[in-house]
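# Architecture at a glance
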Protein chains: 2
Amino acid sequence: MEKNWTSLWLKYHAKASRNNLKFCEMVHLDGFNERSAIISNALEEFFRGVNGMLGVKPSLIKEANIKNGLRILRIADEMIPDEGFRLTAEADHINIEASGENGVLYGIFFLLRQILMEKPLDGINITSIPDIKNRMLNHWDNLDGSIERGYSGSSFFFKENKILVNERTKDYARLIASIGINGVVINNVNVKDAATFLITPAYFDEVRKLKDIFAGYGIKLFLSLNFAAPLELGGPDSADPFDEEVISWWRGQIATVYEALPGLGGFLVKADSEGRPGPFTYGRTQADGANMLARLLKPYGGLVIWRCFVYNCTQDWRDRKTDRARAGYDNFIKTDGDYLDNVVLQIKNGPMDFQIREPVSPLLGGLKETNQMLEVQIAQEYTGHQIDVCYLVPMFKEVLGFNHQSDETIFDVIKKIGFCAVTNTGNDENWTGNDLAAANLYGFGRLAWSVSLTAAEIAEEWIKMTLSCDEETVSVVKKILLSSRETYEKYTSPLGIGWMVTPHLHYGPSVDGYEYSLWGTYHRSDHLGIGVDRTLNGTGYTSQYHEPNASLYDDIETCPEELLLFFHHVPYKYVLKSGKTLIQHIYDTHFEGVLEVEEMIRAWEGLSAKIPAQVFKLVKERFSLQLINAKEWRDQVNTYFYRKSGIKDEKGREIF
Amino acid sequence: MEKNWTSLWLKYHAKASRNNLKFCEMVHLDGFNERSAIISNALEEFFRGVNGMLGVKPSLIKEANIKNGLRILRIADEMIPDEGFRLTAEADHINIEASGENGVLYGIFFLLRQILMEKPLDGINITSIPDIKNRMLNHWDNLDGSIERGYSGSSFFFKENKILVNERTKDYARLIASIGINGVVINNVNVKDAATFLITPAYFDEVRKLKDIFAGYGIKLFLSLNFAAPLELGGPDSADPFDEEVISWWRGQIATVYEALPGLGGFLVKADSEGRPGPFTYGRTQADGANMLARLLKPYGGLVIWRCFVYNCTQDWRDRKTDRARAGYDNFIKTDGDYLDNVVLQIKNGPMDFQIREPVSPLLGGLKETNQMLEVQIAQEYTGHQIDVCYLVPMFKEVLGFNHQSDETIFDVIKKIGFCAVTNTGNDENWTGNDLAAANLYGFGRLAWSVSLTAAEIAEEWIKMTLSCDEETVSVVKKILLSSRETYEKYTSPLGIGWMVTPHLHYGPSVDGYEYSLWGTYHRSDHLGIGVDRTLNGTGYTSQYHEPNASLYDDIETCPEELLLFFHHVPYKYVLKSGKTLIQHIYDTHFEGVLEVEEMIRAWEGLSAKIPAQVFKLVKERFSLQLINAKEWRDQVNTYFYRKSGIKDEKGREIF
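Residues numbered from 1 in each chain as written. Chains lettered and ligands numbered in written order. Predicted model: local features only at pLDDT ≥ 70, side-chain atom pairs only at ≥ 80, totals over all residues. Heavy atoms only, no water.

### Section: the overall build of chain A
Across its full length, chain A carries 17 helices and 20 strands. For chain A, whose C-alpha radius of gyration is 25 Å, the value lies close to the compact-globule estimate of 26 Å for 656 residues. In terms of overall dimensions, chain A has C-alpha extents of about 80 × 65 × 50 Å along its principal axes. Taking all 656 residues of chain A together, the buried fraction comes to 64%. Within chain A, contacts between residues separated by at least 24 positions form 73% of all contacts whose residues are at least 6 apart in sequence. Total accessible area on chain A stands at roughly 23400 Å², and carbon and sulfur atoms take up 50% of it. Taken as two groups, the 70 positive and 88 negative side-chain charges of chain A have centres that lie 3 Å from each other. (Helix = DSSP H or I, 4+ residues; strand = E, 2+ residues; numbered from the N terminus. Rg over C-alpha atoms; globule rule 2.2 N^0.38 Å. Buried < 20%, exposed > 50% of the residue type's maximum accessible area, 1.4 Å probe, protein only. Contact = heavy atoms within 4.5 Å. Areas by Shrake-Rupley, 256 points an atom, 1.4 Å probe, with all protein chains shown as cover. Lys, Arg positive; Asp, Glu negative; His and termini not counted. Charge placed at Lys NZ, Arg CZ, Asp CG, Glu CD.)

### Observations regarding the layout of surface pockets
Considering only enclosed or pocket space, the largest pocket measures out at about 1500 Å³ in volume. Surrounding the largest pocket, 48 residues form its lining, A:Thr502, A:Pro503, A:Ser510, B:Pro503 and B:Gly513 being those nearest its centre. Where the lining of the largest pocket is concerned, the elements lending two or more residues are helix H17 (613–645) of chain A together with helix H17 (613–645) of chain B. Residue composition of the lining of the largest pocket, grouped by class: 24 nonpolar, 16 polar and eight charged. (1 Å grid on protein atoms, 1.4 Å probe; cavity = no way out; pocket = protein on both sides within 12 Å on 5 of 7 lines; lining within 4 Å. Points joined across faces, edges and corners; volume = space filled by probe spheres on them. Nonpolar A, V, L, I, M, F, W, Y, C, P; charged D, E, K, R; others polar.)

### Digging into the sheet that holds strand E1 (residues 26–30) of chain A
Residues and elements named next belong to chain A. Reading across from one edge, E2-E1-E3-E5-E4-E6 is the order of the six strands in this open sheet, with mixed pairing throughout. Strands at the two margins of the open sheet, each flanked by one partner only, are strand E2 (59–61) and strand E6 (125–128). In this sheet, neighbouring strand axes are inclined to one another by 20° on average, regardless of whether the strands run parallel or antiparallel. In the sheet, strand E4 (residues 85–89) pairs with E6 via four bridges, with the strands oriented antiparallel. Counterpart to phenylalanine 85 in the pairing with E6 is serine 128. Against the sheet, helix H2 (residues 101–116) touches strand E3 (69–74), E4, strand E5 (93–98) and E6, its axis set at about 145° to E5. (Pairing = 2+ DSSP bridges. Axes fitted to C-alpha atoms, helices over the stretch in contact; angles between N-to-C directions.)

### A few points about the relation of the copies chain B and chain A
Once chain B is rotated about the relating axis by 180° and shifted along it by 0.1 Å, it coincides with chain A to within an RMSD of 0.1 Å. Here the copies are linked by what is in effect a two-fold axis. For chain B, the minimum C-alpha distance to the rotation axis belongs to B:Lys644 and amounts to 2.5 Å. When the interface residues of chain B are mapped onto chain A, 100% of them are again interface residues, pointing to one common binding face. (Least-squares fit on C-alpha atoms with pLDDT ≥ 70 in both.)

### Quick notes on helix H1 (residues 37–54) of chain B
Turn by turn, an α-helix covers 3.6 residues, leaving residues three or four places apart pointing in a common direction. All names here are of chain B. Taking 1.5 Å per residue, 18 residues should reach 26 Å; H1 reaches 25 Å between its end C-alpha atoms and fits that length. Against the buried residues of H1 lie strand E1 (26–30), strand E2 (59–61), strand E3 (69–74), helix H2 (101–116), helix H3 (167–178) and helix H4 (201–215). Looking one or two residues beyond H1, the residue adopting positive phi is glycine 55, at roughly 75°. (Expected span 1.5 Å × (residues − 1).)

### Considering the environment of B:Asn166
Residues and elements named next belong to chain B. Residue placement: asparagine 166 occurs in the loop between strand E9 (162–163) and H3. Sequence separation between asparagine 166 and lysine 192 is 26 residues; the distance between their C-alpha atoms is 25 Å. Among the polar contacts listed, one links the side chain of asparagine 166 to the backbone nitrogen of arginine 168, at a separation of 2.9 Å. (Polar contact = N/O pair within 3.5 Å; in protein donor to acceptor, adjacent residues only side chain to side chain.)

### Looking at unusual backbone geometry
Of the consecutive residues A:Glu547 and A:Pro548, the connecting peptide bond is found in the cis state with omega at 5°. Its identity is not glycine, yet A:Trp431 carries a phi of approximately 75°, on the positive side. As for its placement among the helices and strands, A:Trp431 is situated in the loop between strand E18 (418–422) and helix H11 (438–449). The buried category is assigned to A:Trp431, whose relative accessible area is 1%. Backbone geometry at B:Arg524 places phi at a positive 55°, although glycine is not the residue there. Along the chain, the position of B:Arg524 falls in the loop between helix H13 (471–491) and strand E19 (529–530). Taking relative accessible area as the criterion, B:Arg524 reaches 6% and is therefore assigned buried.

Purely spatial values, then, with no claim about function.
What follows is the structure, encoded as structure tokens:
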């Protein structure tokens, strides 16, 4: 490859078995226009993939009665809804049936995936319809080219306050379309400086180019918005959503935007959060703010996606009543039902902030009359900075599968609205820093499309497409991925307590790093025990859940142990279900975590002959950094709690 | 005043009693040239001061037999050494006798100080000779205008990689000359980027202007040097002091420098320290490095001032054998006697880094055959950032008066060489951020001149000159200053253990902030006790002292209690000489510290009518920040040790 970026899982340069050749020599279109952007891109993709993997150049033919080829057929949307497709093999050809152009594109990507994974297409008969409506990626890219919480280079969208549109842009669109993503927010939710001007003519020409590239792959482009834009762009001296001048300013601004950028998906807004302005500044509710914009976007079919990450970030550590975990629910539950139908609340999976283990946010499904989108983070802010391996699909599945009340899961709550991820890409050659971190991007897309896929199935797909179909490679890498989240959890903060990271950086241990801070992130450990009492006797956070979860979490005996310290302040000598004391569990898991990393490294090294040299070397380097990190976590956490509790490790291992 | 900076203690705009008028109406010079820079500046100062304070314009007269005036007389240096002066009052005139021009300048400043402090000159008969040879200030100013550890604005020497020469430069020279400073290093010891080029023609013209301004006030200008300059300025690809090419490069460079800047004092070098290159890089000793430069500077009369802040700054916190406190001594003692006579080792007062309480460095006076200069820091890096009041003269007096062996104090060790301070000035209007912090600059200069002055005497001088001669003002402010260091110590880290500050920033508490770091700065606390064992059973640091100090420090019973935790790991229940346990001492001092700050504030507020409004307001604002800081320290330290020890405060006060 001459390009300085990899093709990730669209590895068409790998030669595939020619068993599937018989379905790939020609293409016939029935009911679709070959010149429309999406169909044209779909065909180009098919030609490119088949040419690369099978070494043939398929021809587009007019006759419906084809042999050894692919027939693409438009059917009514009562049969297959938009975006879905049906793939059926007949003796000498294969059919993709779809009611919309997106369905064709996704069908082609499915077909190419089968070829890449060396799966025979013979006899195939599947119908595939996305499980979730909006499947989105949020980029935290800044216009200067930096990426907030980015661990894989700089932005490929922005550089020095200019927008980049180039070959990589299109490859990126292809990659994310191939996993079913249909929406992308290109700029950081913290909208400052030049980013505020994205909704002005200064950037329209380049944003339009981006929008059109994405549109050609069925992906809507969204912009993050600065709620204080009127003040910063020379409009009225207020951002009060009830101020007629403010409304009128926004009306004009939005009209200008949609005239220049028809089909724009809408706006993502982080308001009243971590120093960002919002409706609270003017004594209005979050709904007042969101609805003001939604009303103006309605004529253009635009969405307002409103983040719920609203909490007091100047808390006093001495204060044990204020509980950051409560804040999302407390701030939004009272506005349930107040939102217009083109407003979506975007809610993080947990009540804190993307820790390695959190309970599911009680706001998800706590709201009954409001559109809710689930937000996860595949950028590994707190989960290893794409240095440490941490495959997050198992966590995402836990969240989606969580029964927030007896007859409803989180998936049920969000399926008609959306699922989004703060993404983990940058301009590194391999896109994600650690090659293995790409499994999270791949996995997020695939899971959002098909929630019933297991974490193992997704991992296997990704390995086969990216690395190799070799059985040992698949088995070893799958094992690494599937165990990685628990390994990371073992050597970092225990049993749901979270944090204990180096402040600001969020990589590496600092047990007390956030203990006396303003951020509402405490472990409250003393010489007898550790944990935050969020029961009815404590902050009362457990009452935000429906039953039976509320009672389950509230009682130390029924609280799931992996979340024990999130909900309870627990003595070190408390005996867990394993028969171990809490302190011994802390010691054991921290020693185990390091051993498991060592095991992963040995397993990886065993694949040296089977993994592309460049990938093997880079991942190996990251593993050696992960091992250093794991040891530092082990030693600091164990030492901290040994020094504080005075209780020795039963096994007499080295604690400092 | 129209200038946007204050005149600090040269407050000539204050009207003084006219009692001293009779000595100020005319001046006669005998044996000195009125046109020489120093004499001309001295006369200008006299005219300005007398005009401002007494409202007369003195005339310079030719006749020796003057009335109502000042006679300046050159005498032989056997009578009064260079820099010294004798001031004697006769019935109708006053005499300044000196053997050198500097003596005249200092005599005039002395005289003006008497007038400012409303002290009658009648009957005066004093001889004043500086106690210490080199009395220097080190600026940590960077060429971009920032100041490392600067808490009072930006540099007034540098801005955007250019040198500033303006009216303020001269005022600064006047101010520091008035307190006897005779050497100044204008740039940061961490020499990087543009600063490396200060020894190249790019900066010569402007450095020359600075040098000449300072020379006119008897002050030598020094530059901090980058030991790796050959590599960075296009010289040889090495900085090995034994490499002939390197030596030859330096020879040429130094010749160029001294041709352009005759009279330059020499160079200050921080080598092999905190990432800076040095002779260790090439397997050479510190003496090899220093001597290489000294040999080349010798013909020009230049000094090499070589900092001894050499230690391992990537230590492993798990390692209890390596002791940063040992490093200075261990690295330098073996080179004692190896240095050329124009090399001076610059040694920090303590073995760590300017903490509020440290033992005196055993390297000071440990070296027997080497020129030693004492370095202190009046920039309040660890002592409150010039927000918190912390008058440091008492600490400096402790150091100078320390009997490092029975018949010799630190003052004896350094008096023939020098005493320097990392200074606390910047381009804030009041020069030092907190107006009260100027007492440290003033005090350092005065103490370096006259070591027997008490901290109280110096404080009183400074208050009278800067604020007011009003009795209550003097008494209240003196009390604030004199108690401030102990107050600061009380609410911060206890009994010599140091650190516990927010990493990097060094303001505000973080008990474990440096506990698991690479910096060699640990408190080693566990549930039973706290402190670092530096006895013969521990790191052996105590053995670096002469007797009786070595034994005194080594024994917990004889170790001075204010340094207890520096030398010993001590149980919380250990009973101090006060009868209190260690933990109770920690609680008590932290509660007391906050109460004392509150008391200071009340005392300051009582002076509202007596202090210039601007100063009163600014200091009051700083006090309110100090109170917040003190409370945060109190609560974090008490909470930390309560949680860790489980031992309650006997008095039942609030701990979190």
